[in-house]
Amino acid sequence: MGVRGIWKGFGGNEAEPVRVPDAEAAASRTAMVSKGERLEIFDSFENSDLAWFWATDAQGRVRYLSQKAMDQFDPCRPVIGEPLANLLQTAREDDDQSEAKPISYLLSAHSSFTELVVCLKKEASSGNCHKWWQLTGRPQFDDRNDFTGYRGIVKDITASYEEKRKTSRMAEFDALTGLSNRHRMAQRLTTALIAYKI
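Residues numbered from 1 in each chain as written. Predicted model: local features only at pLDDT ≥ 70, side-chain atom pairs only at ≥ 80, totals over all residues. Heavy atoms only, no water.

Enquirer: Quick one: what's the story with the nonpolar core, residue by residue and with numbers?
Expert: For soluble globular proteins, nonpolar side chains are generally found buried alongside one another. Counting residues in hydrophobic clusters, the biggest one holds 21 residues, and the most contacted among them are W54, L65, L88, W133 and L135. Mapped by element, the contributors of at least two residues to this core are β1 (52-56), β2 (62-65), α5 (84-87), α6 (103-108), β4 (113-121), β5 (129-141) and β6 (147-156). A per-element tally of this core places β4 first, with 4 residues. When sequence neighbours within four positions are dropped, the list of residues in contact with W54 reads Y64, L65, L84, F113, L135, T136, G137, Y150, R151, G152, I153 and V154. In this structure, A91, W132, I157 and Y161 belong to the second largest nonpolar core, which totals 5 residues. (Core = buried A, V, L, I, M, F, W, Y, C linked by side-chain atoms within 4.5 Å. Buried < 20%, exposed > 50% of the residue type's maximum accessible area, 1.4 Å probe, protein only. Helix = DSSP H or I, 4+ residues; strand = E, 2+ residues; numbered from the N terminus. Contact = heavy atoms within 4.5 Å.)

This is the structure in structure tokens:
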């Protein structure tokens, strides 16, 4: 049918066809960067500390994690082959009384997520956090539409996240007593009233 036929099918004037980029020209532009050059670009981005890469298999086990991200874990702790849910937990806001959905639940949904705040567990059995990351991930599927795992990027946000928590704490708690101030008490009361529809 061609571009002219499609254009004419929409009631357009055949003398003024829509210009569609030539597929061969587009392919030649893509081919200007070799596979080796793409790997160099990948490596330079990964080493820039802007973000790191991660990947899991279909069972949620870590297949790949950038070296600088792996360096944030205890060197004696295995990372590759470990379930991602054993290494990270979703963050919970200090004023949020409900538990955040666990990372294992989010991964089992096989849907994309963006800028999810997670913390690195110090050890597999511990809930203590020492680093905060922002995780973005996208599920991967094969030709038969079978789920094959996740790929994504992660950023270390420890400094900014800790500063945000400190500022929030200063705004909501009395510095002398450590008790909730009027602002926080009003927020909590409003939340409770809404929950019980009073």
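Enquirer: Mind laying out the pattern of salt bridges, listing which residues take part and the relevant values?
Expert: Under the counting rule described, the total for this entry stands at 3 salt bridges. In this structure, R144 engages D146 in a salt bridge whose closest nitrogen and oxygen atoms are separated by 3.4 Å. (Salt bridge = Lys/Arg side-chain N within 4 Å of Asp/Glu carboxyl O.)

Enquirer: Summarise the side chain of D57; cite the residues concerned and give the values.
Expert: By the element assignment, D57 lies in the loop between β1 and β2. Under the relative-accessibility criterion, D57 is labelled buried at 14%. For D57, the side chain forms a polar contact with the main-chain nitrogen of Q59, separated by 3.0 Å. What D57 contacts, discounting residues up to four positions off in sequence, is R63, T148 and G149. (Polar contact = N/O pair within 3.5 Å; in protein donor to acceptor, adjacent residues only side chain to side chain.)

Enquirer: Account for unusual backbone geometry, naming residues and giving values.
Expert: The backbone phi angle of H110 is positive, close to 55 degrees, even though this residue is not glycine. Position of H110 among the secondary structure elements: in the loop between α6 and β4. Phi is positive for N145, close to 70 degrees, though the residue is something other than glycine. Mapped onto the fold, N145 is located in the loop between β5 and β6. Given the relative accessible area of 57%, N145 is considered exposed.

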